[in-house]
Amino acid sequence: MFYYVLKYVFIGPLLRILFRPRIEGLSYVPADGAAIVAGNHLSFSDHFLMPAVLKRRITFLAKAEYFTGPGVKGRLTAAFFRSAGQIPVDRSGKEAGKAAVREGLGVLGKDELLGIYPEGTRSHDGRLYKGKVGVAVMAITAGVPVVPCAMVGTFEIQPPGRKIPKIKRVTIRFGEPLDFSRFAGMENEKAALRAVTDEIMYAILGLSGQEYVDRYAAEVKAEQAAQGRKFPRLRR
């Protein structure tokens, strides 16, 4: 219930007024039934702007750190994210990927929309990075369509490190659903998972127009941090 109060009474209307999002291809999101919405991830604002424009409820897999903050502030933040339809997933350790897949399949098993960022983390420089195969495992196992989504302009309003977003118009663009039924029964085959994931990322790329990097974002972040380098600015 609180999800819909946030969406239609408090946060949703405010976001529409402030950022005046251009919404393209919304009809591609299925009106009912299970489906995955897979998008690029440029900003903390993405968590709220995409759900605000969808007609259906969407549940995201979110990093567990959002739910484990200390003190009253931490508890309030955790309660807010749960109310906003976020599921905590521990991204550390060997079992992290399996936990995310398990949680995601649980959402899809209830014929709901699942939101996921295949890059696994926010882009630190506005480029699109290589997708992780968890999205492919879920799409093939559940036999559901994947709707590609591109957030355009959210890096400019709130890049990593910026707490208060700039007030600027953004675009949220959905693409035609991708059908992976031809891969049925191949959720344990690495080549199939890589092919499905790359097809999803290519569709997102076509919608977003970003520069693509064929490496995992987390690896590049860690490498640059170890070298003491600042993250490069987005080039336009």
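Use the structure listed above.
Scoring rules and cut-offs
- Residues numbered from 1 in each chain as written.
- Predicted model: local features only at pLDDT ≥ 70, side-chain atom pairs only at ≥ 80, totals over all residues.
- Heavy atoms only, no water.
- Helix = DSSP H or I, 4+ residues; strand = E, 2+ residues; numbered from the N terminus.
- Buried < 20%, exposed > 50% of the residue type's maximum accessible area, 1.4 Å probe, protein only.
- Areas by Shrake-Rupley, 256 points an atom, 1.4 Å probe, with all protein chains shown as cover.
- Patch = residues over 30% accessible without salt bridge, like charges linked within 9 Å, V, L, I, M, F, W, Y side chains within 5 Å.
- Salt bridge = Lys/Arg side-chain N within 4 Å of Asp/Glu carboxyl O.
- Pairing = 2+ DSSP bridges.
- Axes fitted to C-alpha atoms, helices over the stretch in contact; angles between N-to-C directions.
- Contact = heavy atoms within 4.5 Å.
- Core = buried A, V, L, I, M, F, W, Y, C linked by side-chain atoms within 4.5 Å.
- Phe/Tyr/Trp six-rings, centres within 6.5 Å; stacked < 30°, edge-to-face > 60°.

## Notes on the overall build of the protein
And step 1. Broken down by element type, the protein carries 8 helices and 9 strands.
And step 2. A burial count over the protein gives 47% of its 236 residues as buried.
And step 3. Accessible surface computed for the protein: about 12,200 Å², of which carbon and sulfur atoms make up 56%.

## Brief notes about a nonpolar patch on the surface
And step 1. A cluster of nonpolar residues, Leu14, Ile17, Leu18 and Ile167, forms a patch on the protein surface that exposes about 390 Å² of accessible area.
And step 2. As for its position among the elements, Ile17 is in helix α1 (residues 2–19).

## Let's talk about the pairing of strand β8 (residues 171–174)
And step 1. Bridge count between strand β1 (residues 22–24) and β8: 3 bridges; the pairing is parallel. Within β8, the residue paired with Arg22 across the bridge is Thr171.
And step 2. One ladder, built from 4 bridges, connects strand β7 (residues 146–152) with β8; its direction is antiparallel. Considered in β8, the bridge of Met151 is made with Ile172.

## Some details on the sheet that holds β8
And step 1. Strands sit in the order β1-β8-β7-β2-β5-β3-β4 across an open sheet of 7 strands; the sheet is mixed. Either end of the sheet is taken by a strand with one partner, and the two such strands are β1 and β4 (86–89). Ignoring strand direction, the axes of neighbouring strands in this sheet form an average angle of 25°.
And step 2. Relative to strand β5 (residues 113–116), strand β2 (residues 35–39) runs parallel, the two sharing 4 bridges. Paired with Val37 across the strands is Gly115, a residue of β5.
And step 3. Running over the sheet, helix α5 (residues 134–142) touches β2, β3 (58–63), β5 and β7 and is turned about 160° from β2.
And step 4. The strands touched by helix α7 (residues 190–208) are β2, β7 and β8; relative to β7, the strand with the most contacts, the crossing angle is about 35°.

## Concerning the nonpolar core
And step 1. Counting 31 residues, the largest nonpolar core has Ile36, Ala38, Leu61, Met138, Phe180 and Ile200 as the members making the most contacts within it.
And step 2. Counting only elements with at least two residues in this core, the list comes to β2, β4, α4 (96–108), β5, α5 and α7.
And step 3. The dominant element in this core, judged by the number of residues it contributes, is α7, at 7 residues.
And step 4. For Leu61, the residues in contact, after removing those within four places along its chain, are Ile87, Val89, Ala100, Glu103, Gly104, Leu114, Gly115, Ile116 and Met138.
And step 5. With 26 residues, the next largest nonpolar core counts Val29, Ala52, Val53 and Phe67 among its residues.

## Comments concerning the packing of aromatic side chains
And step 1. On inspection of all chains with the given rule, the structure shows 3 aromatic pairs.
And step 2. Each ring, one from Phe44 and one from Phe48, has its centre 5.5 Å from the other, and the planes form 65°; the classification is edge-to-face.
And step 3. On the accessibility criterion, Phe44 (25% relative accessible area) is partly exposed.

## Some details on the pattern of salt bridges
And step 1. Tallied over the full model, the rule gives 6 salt bridges.
And step 2. Residue Glu199 is joined to Arg182 by a salt bridge in which the shortest nitrogen-to-oxygen separation is 2.7 Å. Residue Glu199 is found in helix α7, and its partner Arg182 is found in the loop between β8 and α7; the two are separated by 17 residues along the sequence.
And step 3. By relative accessible area, which is 30% here, Glu199 ends up partly exposed.
And step 4. Across the salt bridge formed by Glu223 and Arg215, the nearest N and O atoms sit 3.1 Å from each other.
And step 5. Overall, the relative accessible area of 32% leaves Arg215 in the partly exposed class.
And step 6. The network of salt bridges with shared partners includes Asp125, Arg127 and Glu211.

## A closer look at the environment of Leu113
And step 1. Structurally, Leu113 can be placed in strand β5.
And step 2. Residue Leu113 is classed as buried on the basis of its relative accessible area, which comes to 1%.
And step 3. With 83 residues separating them in the primary sequence, Leu113 and Pro30 have C-alpha atoms 8.8 Å apart.
And step 4. Not counting residues up to four positions away in its chain, the partners in contact with Leu113 are Val29, Ala35, Val37, Leu54, Arg56, Arg57, Ile58, Thr59 and Val107.

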